[in-house]
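Analysis of the macromolecular model
Letter by letter, the chains look like this.
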Amino acid sequence: MNTVRYNLVFAAVFAALFLFQPTASAQSEITVEGMVTDTAQETLPGANITVKGTVIGSVSDEEGRYSITAPSPRDTLVFSFVGFESKEVPIQGQTNIDVTLAPATLEGEEIVVVGYGTQQRSDITGSVASVDTDALKASSQSSIAGALEGQVAGVSVQTSGAPGESPAINIRGIGTFGGTDPLYVVDGVPIDNIIDLNLNDVESVQVMKDAAASAIYGSRAANGVVIIETAGGEAGDVQVSYNTSVGTERVHQRIEVLGREQYQEFNNTIRENAGLAPAPANNPNSPEFVNDINTNWQEAALDRGYSTEHNLRVSGGNETSTYSLSGGYSSREGHMEGPAPYYEQYTARINSEHEIGRLTVGENLALTRSTNRPQTSRWENSLFAEVIKAPPTIPVYDDNRLGGYGGSDTGQEEAIALNVVGANNLLERQQDVNRVLANAWGELQILENLEYRLNASYDTRGFNEKFFTPTYDLGFFYQETDGQLNQVRNELINTTLENTLTYDPTFGYHDLNIVAGYSEERARFDQNISRGVGYSRPFFKVIDAAESDQSEGFETSSALRSFFGRVQYNYDARYLLTATLRRDGSSRFGSQNRYGNFPSVSLGWRVSEETFFNVGWVNDLKLRGSWGELGRQAIGDFATASFINTNANYNFNNQLADGAIQVALSNPGLQWETQVSRTVGVDATLFDDRFDASVEYYRNKSEDILVGIPIPGSLGAAEAPEVNAASIRNSGFDVSLSYDDTVGGLQYQLSTNISTQNNEVVSLGNGEPIFGAASRTAVGSEVGEIYGYVTDGIFQNEEEVEEHATQEPGTAPGDIRFKDLDDDGDIDADDRTYLGSPTPDFTYGFRANLQYSNFDASIFVQGNYGNKIYNQTRQYVENVRDFNNSSVRIYENHWTPENQHNDVRFPRPVYNDPNENIRASDRWVEDGSYMRLKNVSFGYTLPRELIGRVGMEQARVYISGQNLLTLTGYSGLDPALGTSSGDVDNNNIANDGLFSRGYADAAWPHPRRFETGVQVTF
């Protein structure tokens, strides 16, 4: 808290210094007037005129005339107009300046970073989306991956509200069972995880969505590629920029559960219906009756979180050398009572580039140190689930229990309930990560159009986790008598060496770019796990202090060798061709299938450049199409080898005999997973380059997907072998639209993206479905469809029970009636069916950026429509089969002999639920559609005459809010599903982004967050 107060005071004082600087003298100001025309001497109304380095601006009127007041006669005016080249004119004491702007040429177009090179936006024939990095930074997300949510058509992002958790990214649907995260390429270096990358260091982000754009990366690109370039220096004076922010957040979502009196009454009913006497804590006639405790666990456990961030960057250079030095610090205290969750990160980066004749060399060095204290549970459910389930008759604190926190008691509440506040304070878990990502490169201009590049990179990530569990008593089932310490240490080292030749000649109307390359990548991972048991107070938290300990470890490695080439051909800026081929060899496969070939080809036709095309309001129109193959090596190291456990001893005639067992059956014939990608698209720029549109249709089919095949136990192997036996098809539309214009003094930019996605399992091993949490993956359906029973009302009397198909031996009036879909007279697993799709009909994002004078504002809205969610969160408080707390909804509207009519929504409450009313069914399935006001920000840039006296070039103050409003019919915590339950040990029981995508298991919701900050440049 002291850190937060310090930063709040610091930011306030910092802003006050700028806001109350004495106003500069107006004697040096100068007013300039003039006219803006084009090369045909036609006037340009609506042209923008700004004073360079300030936010002072003006707009030309209907006759092209303008007037602007600059702080100094030595200032420079910048003239710009959509579709024309910008022009800078020094004032030099002039009071009248007329300017002619030339139409923009191809050289002025946006340059896009692609694999092993760059391209002009108009020449791209693949599916490449450029991301607005300013919008990413305004999202207040701690990671780049999380900031992509809603920003790009065809890209879905799932995050939870807990600090330090890695989001799951999916590009154009699920095409494998081996993970869906894309490949990240940072400054030319392929990496798998970017959580350690400082968002403030990022200069550009490109998302490659099809084979034409991604095939140059071959076997690692089937899930898409995200190319990230970090900021470098520019020739000129030294520039220093600093930004700082502080924020506060709180989980505002609540599940309405019962208070003490209602809970005791309802709990007694649950027990009475099962023939049990009231628990002593709930029995007014018992001396153990609780009448002085009424804990609101959601208010007790959920706290306000705070965050702070500082970033400093120094850059500059000259004509031959440029540099950029940056450092950052960020911390985020979670929204729960206790030390967790908490995430802290330190970053440092050095980027430089130097020209030495024909040789250019450079390096990118990034250092990261992070500390993560995740919200931790050693038990089955997420902590948020335990918060909403806990009985209100349990106190938060109890000095009579070991550890000082309250808990349930078998002789009182008879409930199995966790004191989350106690668990979060007593259990100590910390994860420290140190990462070094370095690459050095050199480019040699061999001939005028021939260039050689050598790139060498080193990426090491060291991980150290300590998880200490002291002795404590948190009530029945939640006790620790020994004390435990678990420690995990591992290190991952990746090295890459790449050699590329680029040849880009021009012959008349023919532009050619040829890239050929060779690369080698090596990875090594080693891990050691130690466990100590038996600690006494005062605790000495090291393994050696335990009464007993054990340890284990392993090491693994892999290598990838690749040859790749690409040809880009452009005829007269009209006809475009790109062809790519990559050949990858992986150590993970056996010798017969070690290499895979991944080709792609794409074509483009710029219709607007044809002589017959004469549509004045169309500035650019391009048709394009692509085909290609991408690969995956979604298997572990040594997956094609067999392993034998030599410690499988057996008792023969009361004597221990040596034995061995084959741990897993091998499949030396494993081969690459392959994705065949097809895309057609239209790109258009209209209305004097104000309106941009891109519409794409894609159809991808993944083949030879690895899937486990069940084997009989008589074979003796513990694990089933994997085979290339499944295939999945994905298809859909991606639409991106944007409009930029200036009206009067208001500059605005509107952008939106919409995407659809259809998923179908074409084949699946031996045809047997894969079952997940309330889900099924089967041939002809999608991956992870919601699956279960269909309800048909509530039995009102014994006659209805007898006339219906047999459900359970204990079925009685007041229980849920389930449909007998196969009409065999029994309700069993064969009566389960499809209950809904976790895939939305469409997802969308909308952004508006506004600027008027020194004021700016932005708004970002995102959401999805048409998906279903299995609300496991609601199931926790509406199952009425145990003695934990329940929801107000079921308390007020459950079936009783006196309340038996068809309007009753909930079944009878009875211990152990003899009818299994809790079973997976459409009772728990809800519409997951939502629209969220994701981010709103307001900023003010201080006048230059106010800050110039202290040497500042620019200063901006801003406030922003995130997750301010969500419109949804979903009754759970958050319709934007998180990827885990909040407990990193139990991700398998939550929405996993794959087989159980629609399963909402009380993942931590996104908090409502407010932030204020200052950005200055010297």
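Residues numbered from 1 in each chain as written. Predicted model: local features only at pLDDT ≥ 70, side-chain atom pairs only at ≥ 80, totals over all residues. Heavy atoms only, no water.

Description of the environment of isoleucine 754
- By the element assignment, isoleucine 754 lies in strand E40 (residues 746-755).
- The exposure class assigned to isoleucine 754 is partly exposed, which follows from its relative accessible area of 38%.
- Residues in contact with isoleucine 754, not counting those within four places in the same chain, are Ala153, Phe733, Asp734, Val735, Phe842, Thr843 and Tyr844. (Helix = DSSP H or I, 4+ residues; strand = E, 2+ residues; numbered from the N terminus. Buried < 20%, exposed > 50% of the residue type's maximum accessible area, 1.4 Å probe, protein only. Contact = heavy atoms within 4.5 Å.)

Quick look at unusual backbone geometry
- In this structure, proline 538 follows arginine 537 across a cis peptide bond, with omega equal to -5°.
- In this fold, proline 538 is placed in the loop between strand E28 (510-533) and strand E29 (548-571).
- Positive phi values are uncommon outside glycine, yet valine 880 reaches one of about 40°.
- With respect to the helices, strands and loops of the structure, valine 880 is situated in the loop between helix H10 (872-878) and helix H11 (888-892).
- Residue valine 880 is classed as buried on the basis of its relative accessible area, which comes to 5%.
- Even without a glycine there, the phi angle at asparagine 912 is positive, about 75°.
- By the element assignment, asparagine 912 lies in the loop between H11 and strand E51 (925-927).

Considering empty space enclosed by the protein
- For the structure shown, the criterion picks out 10 cavities of 30 Å³ or more.
- Here the largest cavity defines a volume of roughly 120 Å³.
- Every residue lining the largest cavity is counted, 16 residues in all, and those nearest its centre are Gln119, Ala212, Ala213, Gln568 and Thr578.
- Here the element with the most residues in the lining of the largest cavity is helix H4 (residues 211-214); it accounts for 3 residues.
- Residues of the lining of the largest cavity, tallied by class, amount to 8 nonpolar, 7 polar and 1 charged. (1 Å grid on protein atoms, 1.4 Å probe; cavity = no way out; pocket = protein on both sides within 12 Å on 5 of 7 lines; lining within 4 Å. Points joined across faces, edges and corners; volume = space filled by probe spheres on them. Nonpolar A, V, L, I, M, F, W, Y, C, P; charged D, E, K, R; others polar.)

Some words on the packing of aromatic side chains
- Taken as a whole, this structure holds 28 aromatic pairs when the rule is applied.
- For the ring pair phenylalanine 384 and tryptophan 1004, a centre distance of 4.8 Å and an interplane angle of 80° mean the geometry is edge-to-face. Of this pair, phenylalanine 384 sits in helix H7 (residues 383-389) while tryptophan 1004 sits in the loop between strand E54 (999-1000) and strand E55 (1008-1017), placing them 620 residues apart in sequence.
- Measuring from centroid to centroid gives 5.8 Å for tryptophan 617 and phenylalanine 687, while their planes differ by 20°, and the two rings are stacked. A residue pair is termed long-range when its members are at least 10 positions apart, and tryptophan 617 in the loop between strand E31 (595-606) and strand E32 (618-632) and phenylalanine 687 in the loop between strand E37 (673-686) and strand E38 (691-708) qualify at 70 residues.
- We classify phenylalanine 687 as partly exposed; its relative accessible area is 40%.
- Lying across the ring of phenylalanine 883, arginine 271 places its NZ or CZ 4.6 Å from the centre. (Phe/Tyr/Trp six-rings, centres within 6.5 Å; stacked < 30°, edge-to-face > 60°. Lys NZ or Arg CZ within 6 Å of the ring centre and 35° of its normal.)

Here we look at the confidence of the model for the chain
- A residue-level look at the chain finds 92% of positions with pLDDT of 70 or above and a mean pLDDT of 87.
- Mean pLDDT values over the elements of the chain span from 41, in helix H1 (residues 2-19), up to 96, in strand E46 (residues 816-818).
- Contacts of residues 1-27 to residues separated by more than four positions or lying in other chains number 30 contacts, the stretch itself having pLDDT below 50.
- A low-confidence stretch, residues 979-990 stays under pLDDT 50, and its non-local contacts, those more than four residues away or across chains, total 40 contacts. (pLDDT = per-residue confidence, 0-100.)

Focus on the side chain of threonine 580
- Note on placement: threonine 580 falls in strand E30 (residues 575-586).
- On the basis of relative accessible area, threonine 580 is assigned to the buried category, the value being 5%.

Focus: the nonpolar core
- Counting residues in each nonpolar core, the largest one holds 31 residues, and the members touching the most others are Trp297, Phe384, Leu418, Leu474 and Trp1004.
- Element by element, the count of residues in this core is highest for H7, at 5 residues.
- Non-local contacts of phenylalanine 384, meaning those with residues more than four positions away in its chain, are made with Val251, Leu302, Leu973, Ala1002, Trp1004 and Pro1005.
- Core analysis: the second largest hydrophobic core is formed by 26 residues, Val131, Val155, Val189 and Val205 among them. (Core = buried A, V, L, I, M, F, W, Y, C linked by side-chain atoms within 4.5 Å.)

Some words on a negative patch on the surface
- Together, Asp822, Asp823, Asp824, Asp826 and Asp830 give the surface a local cluster of negative charge.
- Positionally, aspartate 822 belongs in the loop between E46 and strand E47 (833-836). (Patch = residues over 30% accessible without salt bridge, like charges linked within 9 Å, V, L, I, M, F, W, Y side chains within 5 Å. Areas by Shrake-Rupley, 256 points an atom, 1.4 Å probe, with all protein chains shown as cover. Salt bridge = Lys/Arg side-chain N within 4 Å of Asp/Glu carboxyl O. Lys, Arg positive; Asp, Glu negative; His and termini not counted. Charge placed at Lys NZ, Arg CZ, Asp CG, Glu CD.)

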